[in-house]
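What follows is each chain in one-letter form.
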Amino acid sequence: SQDKNIDVTVHCDCFVFEWLMNFIHNEGTPPKLNLDMLLPVLVASDFLQMDTVFDFCTKFMSANLQDVLKMQIDFSFLRDDHITRLAQYTPAEELARIKDEGQQPQITSRLFKAKIETSYIGGGCDSHTAREKNKHSKIPEAKKD
């Protein structure tokens, strides 16, 4: 068998690529993630099928959902499976509070629907389970810049 080199071209920001490489090489202590880097890393990890990174970003997003929603970003790019995963990590009480405050009704209604489907219809995790998962994860709170 011949050794063949394969060129892979990825179009992403150099800082995002560096962050992803640091995550891969230091998975036990992932690099610091902040709100500015969250969405570019989330999109890149999804595109590159880096499920561990995507999951890390989703947990970070859940832990900092209030601040994420204040960013006034169009979240329509999130697929239903992304929303479902985010809903699984977010306690129902948090979703209800955000929905009551009227923040980003487009995404909050999708999150609320996914939470109901996974918690009550599909037998997914409930808010207590989500809190326990988040409590034991290594997801830091966002740093205020």
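Preceding this paragraph is the structure being described.
Counting of residues starts from 1 at the beginning of each chain's written sequence and follows it residue by residue. Local features in a predicted model are, by the rule used here, given only for residues with pLDDT of at least 70; side-chain atom pairs are given and counted only at 80 or more, and totals for whole chains, interfaces and linings are based on all residues. Only hydrogens and water are set aside when side-chain values are computed; all heavy atoms of the structure are taken into account.

**Observations concerning helix α1 (residues 14–25)**
Point 1. Counting from the N terminus, the helices are DSSP H or I runs at least four residues long and the strands are E runs at least two residues long. For a helix, the expected span equals 1.5 Å multiplied by the residue count minus one. Given a rise of 1.5 Å per residue, twelve residues ought to cover 16 Å, and the 16 Å separating the end C-alpha atoms of α1 matches this to within 8%.
Point 2. Within α1, the full set of buried residues consists of V16, W19, L20 and F23. Mapping the buried residues of α1 onto a view down its axis gives an arc of 100°, with all of them on the same face. Facing away from the buried side of α1 by over 90 degrees, the exposed positions are C14 and H25.
Point 3. Buried residues along α1 sit against α2 (35–47) and α3 (51–63). Relative accessibility under 20% of the residue-type maximum defines a buried residue, over 50% an exposed one, and the middle range a partly exposed one, all with a 1.4 Å probe and only protein chains included. Within this analysis, the arc is defined by the directions that extend from the helix axis to the C-beta atoms. For this analysis, residues touch if any pair of their heavy atoms sits within 4.5 Å.

**Looking at the environment of L33**
Point 1. Residue placement: L33 occurs in the loop between α1 and α2.
Point 2. The spacing of L33 and C57 is 24 residues in sequence and 8.2 Å in space, taken between C-alpha atoms.
Point 3. For L33, the contacting residues outside a window of four places in its chain are W19, L38, V41, F56, C57 and F60.

These figures come from the coordinates and say nothing about function on their own.
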